[in-house]
Amino acid sequence: MKTLFRSALWALAAAAALQLPQPAGAVTLRYANQGDLKALDPYTLNETTTLAHLAHVYEGLTRRGKDLSIQPALAERWEILEPTRWRFYLRKNVKFSDGTPFTADDVVFSSERVRAPGSNFATRVPSGSKVVKIDDHTIDFVLTGPNPIMHYQFDYWLIMSKSWAEKNNAVAPTPVSATTPSYASLNAMGTGPYTIESHQPGVKTVFKKNPNYWDKIEGNADEIVFTPIANDSTRVSALLSGEVDIIEPVPLQDIQRVNSSGTAQVLTGPEVRTIFFGMDQVRDELVSSNVKGKNPFKDKRVREAVYKAIDVDVIKARVMRGLSTPSPLMIAPEFFKLSKEFTRPKVDPEGAKKLLAEAGYPDGFEVGLNCPSDRYVNDGDICRAAIGMLARIGIKVNPIIEPKAQYFSKVLKSGGYNVSMYLLGWTPSTGDSHNVLYEIMGCRNDPKSPSRGDTNAAGYCNPKLDEMTDQILVELDPAKRDQMIKQAFQISIDDYGYIPVHQQSLAWGVSKKVKLVQRPDNSVLLYWATKE
Amino acid sequence: MIAFLLRRILQTVGVLLAVGIIAFSMFRFVGDPVNQIVSIDTPYAERVAIRASLGLDDPVPIQILRYLGRVASGDFGISYQFRQPVSALLAERLPATLELAFCATVFALGFGIVLGVVSALRRGTTLAATLETVSLVGISLPTFLIGILLIFLFSETLHWLPSFGRGETVRIGGWTTGFLTESGLRALVLPSITLGLFQMTLVMRLVRAEMLEVLRTDYIRFARARGLHTRAIHFGHALKNTLIPVITIAGLQLGSVIAFSIITETVFQWPGMGFLFLQAVQNVDIPIMAAYLLLVAVIFVTINLAVDILYTVVDPRLQLSSPRAG
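The rules behind each value
Within every chain, residues take consecutive numbers counted from 1 along the sequence as written. A letter from A marks each chain and a number from 1 marks each ligand, given out in the order of writing. For a predicted model such as this one, the threshold for reporting local features is a pLDDT of at least 70, and the threshold for listing and counting side-chain atom pairs is 80 or more; totals across whole chains, interfaces and linings nevertheless cover every residue. What counts as a helix is a DSSP run of H or I of at least four residues, what counts as a strand is a run of E of at least two, and both are numbered from the N terminus. The exposure scheme places C-beta atoms from the backbone and then counts, for each residue, the other C-beta atoms within 10 Å of its own, assigning buried at 20 or more, exposed at 12 or fewer, and partly exposed in between. In this description, a residue-residue contact is defined by the distance between C-beta atoms placed from the backbone, which must lie within 7 Å. Note that the radius of gyration is over C-alpha atoms, with the globule rule given as 2.2 Å times the number of residues to the power 0.38. As used throughout, domain bounds are those supplied by an automatic or database domain assignment. Side-chain classes follow a simple rule in which Ala, Val, Leu, Ile, Met, Phe, Trp, Tyr, Cys and Pro form the nonpolar group, Asp, Glu, Lys and Arg form the charged group, and the remainder, Gly included, forms the polar group. Two strands are counted as paired when DSSP detects at least two bridges linking them. Geometry is summarised by axes, namely lines fitted to C-alpha atoms with helices restricted to the contacting stretch, and by angles between N-to-C directions that run from 0 to 180 degrees. What sets the label is the angle itself: under 35 degrees gives roughly parallel, over 145 gives roughly antiparallel, 65 to 115 gives roughly perpendicular, and the rest give oblique. Each crossing is labelled by how the near helix is turned from the far one, with a counterclockwise turn of less than a right angle marking it left-handed and a clockwise turn marking it right-handed. Defined on buried residues, the nonpolar core groups Ala, Val, Leu, Ile, Met, Phe, Trp, Tyr and Cys residues joined through C-beta atoms within 7 Å. Taken from the helix axis, the directions to the C-beta atoms give the arc we talk about. The quantity known as pLDDT measures the predictor's confidence residue by residue, on a range of 0 to 100.

Digging into the overall build of chain B
In step 1: Tallying secondary structure elements over chain B gives 14 helices and two strands in all.
In step 2: Taking the principal axes of its C-alpha atoms as reference, chain B extends roughly 85 × 60 × 35 Å.
In step 3: Expressed as a percentage of its 326 residues, the buried residues of chain B come to 38%.
In step 4: Contacts spanning at least 24 positions in sequence make up 70% of the contacts within chain B whose residues lie at least 6 apart.

A look at the overall build of chain A
In step 1: Across its full length, chain A carries 15 helices and 19 strands.
In step 2: Whereas a compact globule of 532 residues would reach a radius of gyration of roughly 24 Å, chain A reaches 25 Å, a difference of no more than 12%.
In step 3: Judged by the C-alpha coordinates and their principal axes, chain A covers about 85 × 55 × 45 Å.
In step 4: Looking at chain A residue by residue over its 532 residues, the buried ones come to 51%.

Here we look at the environment of A:Val314
In step 1: As for its position among the elements, A:Val314 is in helix H9 (residues 312-319).
In step 2: Using a count of 14 C-beta atoms within 10 Å as the deciding quantity, one classes A:Val314 as partly exposed.

Considerations on the domain arrangement of chain A
Residues and elements named next belong to chain A.
In step 1: Here chain A is described as being made up of domain 1 (2-228) and domain 2 (271-505).
In step 2: Taken together, the contact pairs nine residues of domain 1 with ten residues of domain 2.
In step 3: Among the residues forming the side of domain 1 that touches domain 2, the class breakdown is six nonpolar, three polar and no charged.

Re the interface of chain A and chain B
In step 1: Contacts between chain A and chain B engage 48 residues on the former and 48 residues on the latter.
In step 2: Those elements that provide at least two residues to the side of chain A that touches chain B are helix H1 (2-18), helix H6 (232-240) and helix H12 (404-411) of chain A.
In step 3: Looking at the side of chain A that touches chain B residue by residue, the classes come out as 20 nonpolar, 22 polar and six charged.

Notes on the sheet that holds strand S6 (residues 130-135) of chain A
All names here are of chain A.
In step 1: On the basis of which strands lie adjacent, the open sheet formed by four strands has the order S4-S5-S7-S6 and antiparallel pairing. Where the open sheet ends on each side, the last strands, each with one partner, are strand S4 (75-82) and S6. Put simply, the sheet's adjacent strands are angled 20 degrees from each other on average, direction ignored.
In step 2: Sheet topology note: the strand S5 (residues 85-90)/strand S7 (residues 138-142) ladder contains five bridges and is antiparallel. Each residue of the ladder has a partner; that of tryptophan 86, found in S7, is phenylalanine 141.
In step 3: Strands in contact with helix H3 (residues 104-114) are S5, S6 and S7; relative to S6, the strand with the most contacts, it is inclined by about 175 degrees.

A look at the packing of helix H14 (residues 463-474) of chain A against helix H15 (residues 478-494) of chain A
A packed helix pair is summarised by two numbers, namely the angle formed by the two axes and the spacing between the axes.
All names here are of chain A.
In step 1: Between H14 and H15, the shortest axis-to-axis distance is 9 Å and the interhelical angle comes to 160 degrees. As the angle between them shows, H14 and H15 are arranged roughly antiparallel. Judged by the twist between their axes, the crossing of H14 over H15 is left-handed. Taking contact as the criterion, the partners of Lys464, Leu465, Met468, Thr469, Gln471 and Ile472 in H14 are, on H15, Arg481, Met484, Ile485, Gln487, Ala488, Ile491 and Ser492.
In step 2: When grouped by side-chain class, the residues that make up the contact of H14 with H15 number seven nonpolar, four polar and two charged.

Some details on the pairing of S6(A)
In step 1: In terms of strand pairing, S6(A) meets S7(A) through five bridges, oriented antiparallel. Bridged to A:Asp135 within S7(A) is A:Thr138.

Brief notes about the domain arrangement of chain B
All names here are of chain B.
In step 1: Structurally, chain B comprises domain 1 (1-81 + 283-312) and domain 2 (86-275).
In step 2: Across the contact, 14 residues belong to domain 1 and twelve residues belong to domain 2.
In step 3: When its residues are assigned to classes, the side of domain 1 that touches domain 2 shows twelve nonpolar, two polar and no charged.

Let's talk about the nonpolar core
In step 1: A:Val306 and A:Leu526 are the most contacted members of the largest nonpolar core, which has 211 residues in total.
In step 2: Top element by residues in this core is helix H8 (residues 182-215) of chain B. It accounts for 13 residues.
In step 3: In this structure, A:Val306 is in contact with A:Met279, A:Leu390, A:Ile395 and A:Ile499, ignoring residues within four places of it in sequence.

Looking at H6(A)
Residue and element names in this part refer to chain A.
In step 1: With eight of nine residues buried, H6 lies mostly within the body of the structure.
In step 2: Of the positions making up H6, those classed as buried are Ser233, Thr234, Arg235, Val236, Ser237, Ala238, Leu239 and Leu240.
In step 3: Backbone geometry just downstream of H6 places glycine 242 in the positive-phi region, at approximately 85 degrees.

Some points on the environment of B:Phe222
In step 1: Within the secondary structure layout, B:Phe222 lies in helix H9 (residues 218-225).
In step 2: Through-space distance from the C-alpha of B:Phe222 to that of B:Gly31 is 66 Å; in sequence the pair is 191 residues apart.

Quick word on helix H10 (residues 349-358) of chain A
All names here are of chain A.
In step 1: Among all positions of H10, only Ala352, Lys353, Leu355 and Leu356 are buried. Along the long axis of H10, the arc covered by the buried residues comes to 160 degrees, so they all point the same way.
In step 2: Looking at the buried residues of H10, the elements they touch are helix H8 (300-309).
In step 3: Glycine 360 sits one or two residues past H10 and shows a positive phi near 100 degrees.

Quick notes on the environment of A:Lys216
In step 1: Relative to the elements of secondary structure, A:Lys216 occurs in the loop between strand S9 (204-209) and strand S10 (223-228).
In step 2: With 145 residues separating them along the chain, A:Lys216 and A:Tyr361 place their C-alpha atoms 64 Å apart.

Digging into the confidence of the model for chain B
Residues and elements named next belong to chain B.
In step 1: Of all residues in chain B, 95% have pLDDT values of 70 or greater, and the mean over the chain is 84.
In step 2: Between the elements of chain B, mean pLDDT differs from a low of 56, seen in helix H14 (residues 317-320), to a high of 91, seen in helix H11 (residues 262-267).
In step 3: Low pLDDT (under 50) marks residues 320-326, which in the prediction has one contact with non-local residues, meaning those over four places away or in another chain.
In step 4: Interface confidence for the predicted complex, given as ipTM, is 0.81, next to a pTM of 0.84.

Here it is, written out as structure tokens:
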């Protein structure tokens, strides 16, 4: 009994200790996201929410600035010695948060780990390339061919400590399908501005300022408390009641409520993800249509008709409440300088009807439209709006609007591209057009390049475009390269291969006490945040 | 009695097997877990490798057998989303759910009995009519709406109580409790009311009906004739006899409070098992779904078994009859 009493006392004492107030002046920033920090191992999961969190703890050789421009980070500078040899000069006097110095060995180690089986980031370092240590602070990347955008994804190739990984038996990356928990998936240790003090998956993660950080931290948070809040209305309430300072995202229908609250406001801005419609143009007969024995989408006139029937301005005004940027291209303007030179063809239901009649469908036809209901901003509503627009030209759309788990099991290659028409969103992880031209618009089943067109569920294929894509990959002159990208996009536009809809808007709810920077790739980076 | 127990335990194993098999054959329809595990731009070859390493390519019966085999040895697998053992995740979330269920039940019984007695004794008054109406609202409003309304009123407008989470918790051994801190206790209020409101109205209506019944019986009339104090009659004699069915119902409802706290936990971002399960469904986290369903089956079977045993203890007449199935 006495021992029980004593342990109860200890528990109470511990409770009291936990409630001790923070030292005066310490700033705690509270942040809630719809999604979760899904893996602490920086090579497990290529997903923005997770990576943005990890970027507080780990750093890459480069980083991206507030406008997504590439800046030096762990590498002070770099140069292309010859088209296939890049030299990176590493920053000196950088220490990991455990006090060990950062050297070229850590980069070599990370380059091996990131390409090892189980890594979700194997393409971060071009396959076949060699990473050679020249001295402790100089490193060479020897490539198998020229690659002008090799370093475009280095910002989210986060560098790990060799000694830490070896000490903790975490040399191999934690695969998403891991059957045993690994140290690196529950702990994190990098060179970044913050360290992770505690991490309860799905509940709470606490970040503390790293006193040994090599650079100045722009923001003023000493502590960041992250909580996932999945429920939309609870997340908004948590912001409005002042329990959290920042939420991501704010549902469109709540923006007005947050802005009129007086305590918080919604920060909106363009996001780099492009939302688009695809039409299966490869099957001989669509999987869900009343047209048998042939595929109407194989006829360019039908695709043009569908394109001209969908009014993206109405979608913007009615579905997105003004918060979208209609797009003529399959890539966001932030990622392609010459985007301004493109415009969308005019909406023209009458012309569309004529095109359908010419193609042999004067009375239209029926087709299934697959959409996710919980993946993109108002995704299901975009599809419902499209139903009415296509009905005007006689195409009867049968909507198949499903949760993302079911939707993605059909639309991707693993589901056999089992869709006739669909709505999808894509962000090129390289921040470059080549990724879109290769992944979404490249011909499927290319024997020379088997992964080309992996996410091309429409099966759009134009060998001329593929030829351009391959040249774009190795062209080192930026101006010439941009012209080639422009030509490649023009080919797909002339073919009506895809129907880009818009780039959706970001909507972050921010307390009026907090100032922060909204980066268009939806990375919530709190080392730029200041709180009164 | 022992034969009865043995038979019930055998039945339990059968129920668990059935739950496991039904659950597993349904999982094929929730979607492809690999898509939820990796990002959309993951190369196809990598996806294929992940599918294979998770054993998802094998026929369903083989997957079921393999799973049951592992469960028999105490291994519930690794969560796809969190890459942690499912048993550890459930153990970590269990205290949150149990504490919430406990508070909700205390709230439901406490308020339910008091309000039920009041509305029975004050039959025909405005107060009773008001309580009746309120209880109808409580029984018909969906849980998530009640939760959102409470959050709107008490968190967003009045700033009295937190809108999400458990507050600060204290770890005692393997158990985390919110009972020992102020923020932990405050965090319990709104979710407990939300979760317990339905049960409360149920208890209240039950107590009222039973009470009205009992008050009409002969022994109450005799008690009055003997000149006993009203208070003694109402609370000493009438209420005591009302409580037997109430306890039965409360016991049976406890199972559903624990198992179906999913909605309340989701609205309040309560880090319990129900919320874990809902996220697992959204992300096709099969190991968590399977373990949770088995756990819920165990909870229900255990409670039913306990109730059956208690019946025979409380009511000796039942011992003579053969044990009922179910």
